[in-house]
Amino acid sequence: MIYLNNAATSWPKPETVYQAHDAYLRHLSGSVNRGAGGASLDAGRAVLETRELLADFFNIREPEQVIFTANATEALNLALQGLLEPGDHVVISSLEHNAVARPLHTLQDKGVEYTIVNCDARGRLNPLDVERAIGPRTRLICLTHASNVTGTILPVNEVGEIARRHHLQYLVDTAQTAGEIPVDVEAAGITLLAFTGHKGLLGPPGTGGLYIRYPDTVRPLIYGGTGSRSELLTQPEVLPDKYESGTVNAPAIAALGAGVRFIRETGLDNIRRHTMELTARLLEGLRRLPGVTLYGPQDSGERVPVVSLNIRGLSPGEASAWLADHYDIVTRPGLHCAPLAHQTIGTLKTGTLRLSPGFFNTAAEIDAALAAIKELMEVMQGE
């Protein structure tokens, strides 16, 4: 199998991720914050270590401000539903995922309004357009760090300066960038950062989180048992307990820590260099095929390893199925849960075929995928 769907979830994982998950389930029988024995303490320590690793990874000063969630979608919902009040206004880009667009659409019923700032046809955003969209009731700027459709990296640092000047909260969705390019909450002025564990951070599904700089401004999304202040009917204010009700997915969180360690040991620069080379190779090969339309920036340095395309005379679904059936090449067709992005690039009616290489892919696999696409086009023309 040639796996080119890393934008959906990364595969394979580092061997240490599998080992950490297995070791936790076999040997750490305790529940975090819910036991006095050594196993419970060890379980809590494993979760704390991952929290500290992530804080260091994103340059977060206080590790307890890293709140674990099941995924980036839950983290984004916690940020949006926990922060916004009736009458608030939000500025977003036209590349946002449904994990942002749907909560905001629903919050309109509670009096929250939002403005979509259009990106250009390659997914590029002008920060000045963001500033022009700010009004007297704007409370939040919410921006994806990179599009899961075009791969375009957005100017989060420049927009962060705008958020600072206007004293606004700033939420950044790093689902496509964490583990791929550096993310620094201090440098970018980020007050809320959503991440997922199962993509670039190389962890398992069921992991993610939200950095909350100002916890007094964000209500919990879920209320319940935290293993602390159990005598109270009110939710504890102490972090991270305020936001982590119920039993956390500790085995997966421990495995996520192993993924972050692998990135640290390998070097984020080395990972980025490799995926950029693969992306450039893929783009160059696709540009040589007549009848292929590419979307997003042409320069691999301006994008994460996400390549969307369409093949003349063939639907994305047909192309994806043919590649899977004939060569066991895994891609993803459709709208990628991001209709705003597809509307931006003019593919809302058709969707695109998306290829997203990762760190464990090779140049030979990219060449094989290009050869398969060329053969697919020849077969279709012959019919």
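Look up a bit, the structure's there.
Here the structure is a predicted model, which means the values were calculated and not measured.

**Q** What am I meant to see in the packing of helix H9 (residues 268-287) against helix H12 (residues 363-382) here?
**A** Two measures define how a pair of helices packs: the angle their axes make with one another and the distance between the axes. One can describe the packing of H9 onto H12 by two numbers: an axis separation of 10 Å at closest approach and a directional angle of 20 degrees. On the basis of the axis angle, H9 is roughly parallel to H12. When you trace H9 past H12, the crossing you get is right-handed. Contacts between H9 and H12 involve Leu 278, Arg 281, Leu 282, Gly 285 and Leu 286 from the former and Ala 363, Ile 366, Asp 367, Leu 370 and Ile 373 from the latter.

**Q** Just to check I follow, could you spell out the pairing of strand S8 (residues 208-212) for this structure?
**A** On a regular strand, one side chain projects to one face of the sheet and the next to the other, so that they alternate. Counting buried residues along S8, five of its five residues qualify, which places the element largely inside the surrounding structure. Sheet analysis places strand S2 (residues 66-69) next to S8, joined by four bridges and oriented antiparallel. Bridging from a neighbouring strand, Val 66 pairs with Tyr 211 of S8. Relative to S8, strand S7 (residues 192-196) is paired through five bridges, and the arrangement is antiparallel. Bridged to Ala 194 within S8 is Leu 210.

**Q** I'm lost on the sheet that holds strand S9 (residues 292-295) in this one. Help?
**A** One key point about sheets: their strands pair by backbone hydrogen bonds, in either a parallel or an antiparallel sense. The strand order across the open sheet built from four strands is S9-S10-S13-S12, with neighbouring strands paired in antiparallel fashion. The sheet is open, and its two borders are formed by S9 and strand S12 (332-334), each paired with just one other strand. In this sheet, neighbouring strand axes are inclined to one another by 30 degrees on average, regardless of whether the strands run parallel or antiparallel. Pairing analysis gives four bridges linking S9 to strand S10 (residues 307-311), with the strands arranged antiparallel. Within S10, the position partnered with Val 292 by the bridge is Ile 311. Against the sheet, H9 engages S9, S10 and strand S13 (352-355), with an angle of about 15 degrees to S10.

**Q** What's the story with the pattern of salt bridges in this structure? I'm lost.
**A** Two side chains with opposite charge may pair up if their charged atoms get near one another. On inspection of all chains with the given rule, the structure shows 18 salt bridges. A salt bridge links Glu 113 to Arg 137, with the nearest nitrogen and oxygen atoms 2.8 Å apart. Of this pair, Glu 113 sits in strand S4 (residues 113-117) while Arg 137 sits in the loop between helix H5 (127-132) and strand S5 (138-144), and the two are 24 residues apart along the sequence. Assessed through its relative accessible area of 40%, Glu 113 is described here as partly exposed. Between Lys 242 and Glu 237 there is a salt bridge, with its nearest N and O atoms 3.3 Å apart. The exposure class assigned to Lys 242 is buried, which follows from its relative accessible area of 5%. The exposure class assigned to Glu 237 is exposed, which follows from its relative accessible area of 57%. Among the charged side chains, a salt-bridge network with shared partners connects Arg 61, Glu 186 and Arg 213.

How each quantity is defined
- Each chain has its residues counted from 1, following the order in which its sequence is written.
- Totals for whole chains, interfaces and linings use all residues, but because this is a predicted model, local features are given only for residues with pLDDT of at least 70 and pairs of side-chain atoms are given and counted only at 80 or more.
- Working from all heavy atoms in the structure, the side-chain values ignore hydrogens and water.
- Angular values range over 0 to 180 degrees, each being the angle between N-to-C directions of two axes fitted as lines to C-alpha atoms, with helices fitted over their stretch in contact.
- Here a helix means four or more residues in a row that DSSP labels H or I, a strand means two or more in a row labelled E, and each is numbered from the N terminus.
- The cut-offs work like this: below 35 degrees is roughly parallel, past 145 is roughly antiparallel, 65 to 115 is roughly perpendicular, and the gaps in between are oblique.
- Handedness of a crossing is defined here by the sense of rotation of the near helix relative to the far one, left-handed for an anticlockwise turn of less than a right angle and right-handed for a clockwise turn.
- Here, residues are in contact when the closest pair of their heavy atoms is within 4.5 Å.
- Relative accessible area decides the class of each residue, using a 1.4 Å probe on protein chains only: under 20% of the type maximum gives buried, over 50% gives exposed, and in between gives partly exposed.
- Pairs of strands are assigned from DSSP output, requiring at least two bridges between the strands.
- The salt bridge criterion pairs a side-chain nitrogen of Lys or Arg with a carboxyl oxygen of Asp or Glu, the two atoms within 4 Å.

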